[in-house]
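Each chain, letter by letter, is given below.
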Amino acid sequence: MAGMGMPGIEGLSSRDQHAVMTHLNEMTLNENMTMYNNLVERCFGECITSFRSKTLDKPEEDCIKRCVQKYMSFSSRVAQRFQEKQQQMAK
């Protein structure tokens, strides 16, 4: 397992490295689920206007596509800025 590709944990035992990586994976999964839930909640609330049909009508579908694209672009930009700030702080 030797470091498992993550700097700073190479001094830990294999068992501890595994525990750290498991915890990080769980945190990442939780963050992804939170992001997905926020996306669904936001776009549903913004775009779904009627429950007359089981399927989306064309304006709802277009709205969902725009909403998802905006949300993902925004999330990506925030992550990029966060990473830039972390790199600045590490210098």
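Quick note: structure is the one above.
Before going into details, it helps to say that this report is about the structure given with it. As the structure is a prediction and not an experimental result, all values here were calculated from the model. (Residues numbered from 1 in each chain as written. Predicted model: local features only at pLDDT ≥ 70, side-chain atom pairs only at ≥ 80, totals over all residues. Heavy atoms only, no water.)

### Points about the overall build of the chain
What counts is decided by this rule: Think of it this way: any DSSP run of H or I at least four residues long counts as a helix, any run of E at least two long counts as a strand, and we number them from the N terminus. Here the globule rule reads 2.2 Å times residues to the power 0.38, and the radius of gyration is calculated from C-alpha atoms. Throughout this description, buried means an accessible area under 20% of the type-specific maximum (1.4 Å probe, protein chains only), exposed means over 50%, and partly exposed covers the range between. Whether two residues are in contact is decided by their heavy atoms, any of which lying within 4.5 Å being enough. Residues scored as positive are Lys and Arg, those scored as negative are Asp and Glu, and His as well as the terminal groups of each chain are ignored. Each charge is placed at NZ for Lys, CZ for Arg, CG for Asp and CD for Glu.
A count of helices and strands for the chain gives 2 helices and 0 strands. Against the 2.2 N^0.38 benchmark of 12 Å for 91 residues, the chain shows a C-alpha radius of gyration of 20 Å, more extended than a compact globule. Its C-alpha atoms give the chain principal-axis dimensions of roughly 60 × 30 × 15 Å. Every one of the 91 residues in the chain was classed for burial, and the buried ones make up 15%. In the chain, of all internal contacts separated by at least 6 residues, the share reaching a separation of at least 24 is 26%. The centroid of the 12 positive side-chain charges in the chain is displaced by 7 Å from the centroid of its 11 negative side-chain charges.

### So, the packing of aromatic side chains
Any pair of aromatic rings gets described here by the distance separating the centres and the angle formed by the planes. How we decide: Within 6.5 Å between ring centres, the rings of Phe, Tyr and Trp (the latter by its six-membered ring) count as paired, and their orientation is classed by plane angle as stacked under 30 degrees, edge-to-face over 60, tilted in between.
With the rule as written, the count across this model stands at 1 aromatic pair. Look at Phe44 and Phe51: their rings are 6.0 Å apart centre to centre, the planes differ by 40°, and that puts the pair in the tilted class. What makes Phe44 partly exposed here is its relative accessible area of 42%. Here Phe51 falls in the exposed class, since its relative accessible area comes to 68%.

### Notes on the nonpolar core
The condition that has to hold: Among the buried residues, those of types Ala, Val, Leu, Ile, Met, Phe, Trp, Tyr and Cys that are joined through side-chain atoms within 4.5 Å form a nonpolar core.
Membership of the largest hydrophobic core is limited to 6 residues, which are Leu39, Cys43, Cys47, Cys63, Cys67 and Tyr71. Broken down by secondary-structure element, the contributors of at least two residues to this core are helix H1 (14-47) and helix H2 (58-90). If we ignore the near neighbours within four places in the chain, the residues touching Tyr71 are Met35, Asn38, Leu39 and Arg42.

### Considerations on H2
Note on helix geometry: an α-helix contains 3.6 residues per turn, so any two residues three or four positions apart are oriented the same way. Definition in use: Helix span, expected: 1.5 Å multiplied by one less than the number of residues in the helix. Here a polar contact means two N or O atoms within 3.5 Å. Within protein one must be a hydrogen donor candidate and the other an acceptor candidate, and residues neighboring in sequence count only if both atoms are side-chain atoms.
For H2, with 33 residues, the first-to-last C-alpha span of 48 Å sits near the 48 Å given by 1.5 Å per residue. Along H2, the residues that are buried comprise Glu60, Cys63, Cys67, Tyr71 and Ser75. Of the surrounding secondary structure, the elements contacted by the buried residues of H2 are H1. Sitting at the head of H2, Asp57 places a side-chain oxygen 2.9 Å from the backbone nitrogen of Glu60.

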